[in-house]
Amino acid sequence: EEAEEEEDEIDEDDLLLEQSMQEVRNEFEGGEDPLADTNDQKTTSNRPLALRRAHFSYEHERRQAIGGGAAAAVLAAATGGNGPTMRRMIQARGGVQGRTAHHRRLYLVTPTSEEPWPKPHDCISMGLSTRSEEVSFDIRDTPESVKSLEQLQDCILAQDPNQLQNFLQKQPFCVDGLLTLADYHRGQGSHEQVFQLCRRAVYALECNFHSSFSPFVETGGRNNSRRPRVKIQINDDDAWPGWSWFRAFWMYIHALAGQGMQRTALECCRLLLACSLPRDPIYMLPLFDYLCLRSRQYALLLSTAKHLPGEYGLAPEVESTAIQPWLDLAVPNVAYSVALATYLTVANELDLTTLNEVSIDHILHGLTGLNSSFDDELSPSARAHALLIRAMLIFPLALRPLLDEANVAIYGAPPRKSPSKTTWGDLLAQPPFADAVSFRHEEHGVAHGRLAMLYAKRCGPLWRADNVHLWLHACASRITSLFASSAFASELGAARKQWSEGPLCIAEALSKDYASMPVEEGQLPNAIEKSVQARLHPPRNFGSMMGLGRLARMDPYGGAPAPTASIHTPAILLFFQLLMPWVELDRTGTVVQALRWKDVGKGMKQAISGTLRFLSCLAQDAVTLTREGWDWLLAAME
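Definitions and limits used
Position numbers for residues start from 1 in each chain and track the written sequence from start to end. For this predicted model, a pLDDT threshold of at least 70 governs which residues receive local features, and a threshold of 80 or more governs which side-chain atom pairs are given and counted, while totals over whole chains, interfaces and linings are taken from all residues. With hydrogens and water stripped out, all remaining heavy atoms of the structure feed into the side-chain values. What counts as a helix is a DSSP run of H or I of at least four residues, what counts as a strand is a run of E of at least two, and both are numbered from the N terminus. Relative accessibility thresholds used throughout: buried, under 20% of the residue-type maximum; exposed, over 50%; partly exposed, between the two (1.4 Å probe, protein chains only). Throughout, a residue-residue contact means that at least one pair of heavy atoms, one from each residue, lies within 4.5 Å. Here the accessible surface of atoms and residues is derived via Shrake-Rupley with a 1.4 Å probe, and residues count as covered only by protein chains that are part of the display. Grouping buried Ala, Val, Leu, Ile, Met, Phe, Trp, Tyr and Cys residues that are joined through side-chain atoms within 4.5 Å yields what is termed a nonpolar core. Simply put, an axis is a line fit to the C-alpha atoms, just over the touching stretch for a helix, and the angle between two N-to-C directions goes from 0 to 180 degrees. When describing relative orientation, an angle under 35 degrees is termed roughly parallel and one over 145 degrees roughly antiparallel, while 65 to 115 degrees is termed roughly perpendicular and anything else oblique. Here a crossing is taken to be left-handed if its near helix is turned anticlockwise relative to the far helix by less than a right angle, and right-handed if that turn runs clockwise. Each residue receives one of three labels: charged for Asp, Glu, Lys and Arg, nonpolar for Ala, Val, Leu, Ile, Met, Phe, Trp, Tyr, Cys and Pro, and polar for the others, Gly being one of them. Here the expected span of a helix is defined as 1.5 Å times the quantity of residues minus one. Any residue with relative accessible area above 30% and no salt bridge may belong to a patch, with like charges joined within 9 Å and the nonpolar Val, Leu, Ile, Met, Phe, Trp and Tyr side chains within 5 Å. Salt bridges, as used here, are contacts in which a Lys or Arg side-chain nitrogen is within 4 Å of a carboxyl oxygen on Asp or Glu. Each aromatic pair joins two rings of Phe, Tyr and Trp (for Trp, the six-membered one) with centres within 6.5 Å, and gets the label stacked for planes under 30 degrees apart, edge-to-face for over 60, and tilted for any other angle. Only Lys NZ and Arg CZ are tested; either one counts as a charge over a ring when it is within 6 Å of the ring centre and within 35 degrees of the ring normal. Under this definition, polar contacts are N or O atom pairs within 3.5 Å; protein pairs additionally need one hydrogen-donor-capable and one acceptor-capable atom, and for neighbouring residues in sequence, both atoms have to be side-chain atoms. The pLDDT value expresses, per residue, how confident the predictor is, ranging between 0 and 100.

**Q** Hey, could you run me through the overall build of the protein in this one?
**A** Helices and strands together make up the secondary structure of the protein, namely 25 helices and six strands. When each of the 638 residues of the protein is scored for burial, the buried share is 48%. Nonlocal contacts in the protein, meaning residues at least 24 apart in sequence, comprise 70% of its contacts between residues at least 6 apart. If you sum the accessible surface of the protein, you get close to 32100 Å²; carbon and sulfur atoms cover 53% of it.

**Q** Where do I start with the nonpolar core in this structure?
**A** Proteins that are soluble and globular tend to have nonpolar side chains buried together. In terms of nonpolar packing, the biggest core is built from 160 residues, with Trp245, Tyr336 and Trp463 touching the most fellow members. Among the elements that line this core, the one with the most residues is helix H9 (residues 242–258), at 11 residues. Contact partners of Tyr336, with chain neighbours within four places excluded, come to Leu388, Ala391, Met392, Phe395, Pro396, Ala398, Leu399, Leu402, Tyr455 and Trp463.

**Q** What exactly am I supposed to notice about the environment of Pro380 here?
**A** By the secondary structure assignment, Pro380 is in helix H16 (residues 380–394). Distance in space between the C-alpha atoms of Pro380 and Val346 is 6.8 Å, their sequence separation being 34 residues.

**Q** Could you clarify how one ought to interpret the packing of helix H13 (residues 332–345) against H16 in this entry?
**A** Viewed as axis vectors pointing N to C, H13 and H16 meet at an angle of 165°, and their least axial separation amounts to 8 Å. Judged on the interaxial angle alone, H16 and H13 are roughly antiparallel. Handedness of the H13/H16 crossing: left-handed. Side by side, H13 and H16 meet where Ala335, Tyr336, Val338, Ala339, Thr342 and Tyr343 of the first sit next to Pro380, Arg383, Ala384, Leu387, Leu388, Ala391 and Met392 of the second. Looking at side-chain class alone, the contact of H13 with H16 contains 11 nonpolar, one polar and one charged residues.

**Q** Could you clarify how one ought to interpret helix H20 (residues 466–483) in this entry?
**A** When the terminal C-alpha atoms of H20 are compared, their 26 Å separation across 18 residues agrees well with the 26 Å that a helix rising 1.5 Å per residue should span. For H20, a buried count of 14 out of 18 residues is recorded, marking the element as mostly surrounded by other parts of the structure.

**Q** Can you help me understand a nonpolar patch on the surface in this one?
**A** Taken together, the side chains of Met604, Ile608, Leu612, Phe614, Leu615 and Leu618 define a hydrophobic patch exposed on the protein surface, amounting to about 620 Å² of accessible area. In this fold, Leu612 is placed in helix H25 (residues 597–637). Relative accessible area serves as the criterion here: at 53%, Leu612 is assigned to the exposed category.

**Q** Explain the packing of H16 against H20 to me, please; I cannot follow it from the model alone.
**A** A packed helix pair is summarised by two numbers, namely the angle formed by the two axes and the spacing between the axes. Viewed as axis vectors pointing N to C, H16 and H20 meet at an angle of 65°, and their least axial separation amounts to 9 Å. Considering how the two elements wind past one another, H16 and H20 form a crossing that is right-handed. Packed against H16, whose contacting residues are Ala384, His385, Leu388, Ile389, Met392 and Leu393, the element H20 presents Trp471, Leu472, Cys475, Ala476, Arg478, Ile479 and Phe483 at the interface.

**Q** How should the packing of aromatic side chains be read in this particular structure?
**A** To describe a pair of aromatic rings, one takes the distance between the centres and the angle between the planes. If you walk through the whole model with that rule in mind, you get 24 aromatic pairs. Ring geometry for Phe209 against Trp245: centres 6.2 Å apart, planes inclined by 45°, an arrangement best described as tilted. Separated by 36 residues along the polypeptide, Phe209 in the loop between helix H8 (191–207) and strand E3 (214–220) and Trp245 in helix H9 bring together distant segments of the chain. Using a relative accessible area of 2% as the deciding quantity, one classes Trp245 as buried. Of the aromatic side chains, those joined through ring pairs into one cluster are Phe137, Phe209, Phe213, Trp240, Trp243, Trp245, Phe246 and Phe249. The ring of Phe439 carries Arg496 above its face, with NZ or CZ at 3.8 Å from the centroid.

**Q** Sorry, what's going on with the side chain of Arg270 here?
**A** Relative to the elements of secondary structure, Arg270 occurs in helix H10 (residues 262–276). Of the residues examined, Arg270 reaches a relative accessible area of 4% and is grouped as buried. A polar contact is formed between the side chain of Arg270 and the backbone oxygen of Pro48, at a distance of 2.8 Å. The residues touching Arg270, leaving out its near neighbours within four places in the chain, are Pro48, Leu49, Ala50, Leu51, Arg263, Phe288 and Leu300.

**Q** Explanation requested: the confidence of the model for the protein in the structure shown.
**A** Atomic detail in the predicted coordinates should be set aside for any region of low pLDDT. Averaged over all residues, the pLDDT of the protein equals 81, while 81% of them reach at least 70. Confidence scores differ between elements of the protein, with helix H4 (residues 95–99) showing the lowest mean pLDDT of 47 and helix H11 (residues 285–294) the highest of 96. Segment residues 78–98 is flagged for pLDDT under 50; beyond a separation of four residues in sequence, or across chains, it makes nine contacts in the model.

Here you go:
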């Protein structure tokens, strides 16, 4: 067995070397430094989901945040100058190194020297999918993971956190158990424990990645597109183990963001986007723009919004439409975030007088065709104005909840330096805000409303700054003044009418996922909540008690009642069994064990014995009470 494991490790090492070489080729394709992580770094426009190994390490981000020299000084001070040093000679592989040799192939979670975690073998596995022509993967249960899940179900039934902790001591890499305990600690506010439990769950999943699964190697997708070789085939079954896979990464990303590791959370978010697109059942796209803003990756946000749908086969099939396949024309959160990112890149040089440079053609850039002067003639400041005005034109309903979350007084005085002295209440009473309901998108209006509400709750604090509020008010005043002119109003109204009736990119995610998306921050996605109920709290058949059958753990009958009476049971006993409304007959005679007369005798014997013991105890209690009553009565008479 050890020889076979060493051969497997050699094969995996060869594959790892090939993937690393491909990653280096991809990263140096445009002359970029793979370890550079600055906002000025050029983003390859035709590969918006190109992932990098260094960005998956939260320790790398933490070192960058506090500085390499400062980190080394802190480590030296903590260890008295005897910190860990590089080994200068080859050492024989000992017991620990043999059990942790797979650690060097990890990139999502790299255990420290104090965490000699072995490779888990009782976790859900990943295999190649045969349901699609492109290279894709499927998440499957193994016999070991099924057995561990059944033990976890019995543990959860007790509703005791201590029993769950004891279970995880025996099964330290049970993903569903780790996530259940992490969810409990999240309710208690223990965020550090949540992070560590999610980190261990992601480690267990990464150790069971398929050997061909790699975010650093591109492969062909649909419509001649290129994407990382990480596509997961989505299964709508609630009990599909892939939902536990997605749940682990969803909780890990939010735990990273809660720890302040926004850049690492962003890279994991991009990985899940590459795994699930064109679907987005765990709502990574509404989180993507927020993480880009928090990690100051403005260029990445702008590039992804413009090039992702076209390069990854997410554009609408109708090519005759003038609407460009851009994310900021399809979802409100990206539309407002793209405008805010453009503003933040030129915040120190923002000039509100450049609002006069923004024409109707600039505002309709991408809605009625491409305007070559948008990037060539407009200044960066005027380009930010045009993007925000366009977002207000097609997504006007997103402005009011954004103002509420930004703590803006709707009927208060306008910003002091605003070119307009009109209050927010008066602006919202004019087009395009007053008649916004009439111009919602006909097919995806509900999804846009939910995305706008979630965006306001999540990104509202980013719009609270005084200068951002001033810019927002000036652009809103500009678009209302344009609608005050009949000539401009007809052209702008025709453009947004055409947009409301036209096809949009990522239509599959808008119709299947975002239309029922919860709008509360931190709430589990609907698919994951259903999966938790199906996998951890399966329906149990308590009518099979009293010798009428076994306790049914799962529901293998497709929703039909589980059989509890065998056809081989004697006719008289079967007759009385079938009088019970919860009894279902097993006509095959192979599922339920037949009830015999001796079983009835044993049951009657146990019932009679229990009844006699009860009557005996009752009689003893009656004698004791009578005796105490007489004693009390005699004492009272004396």
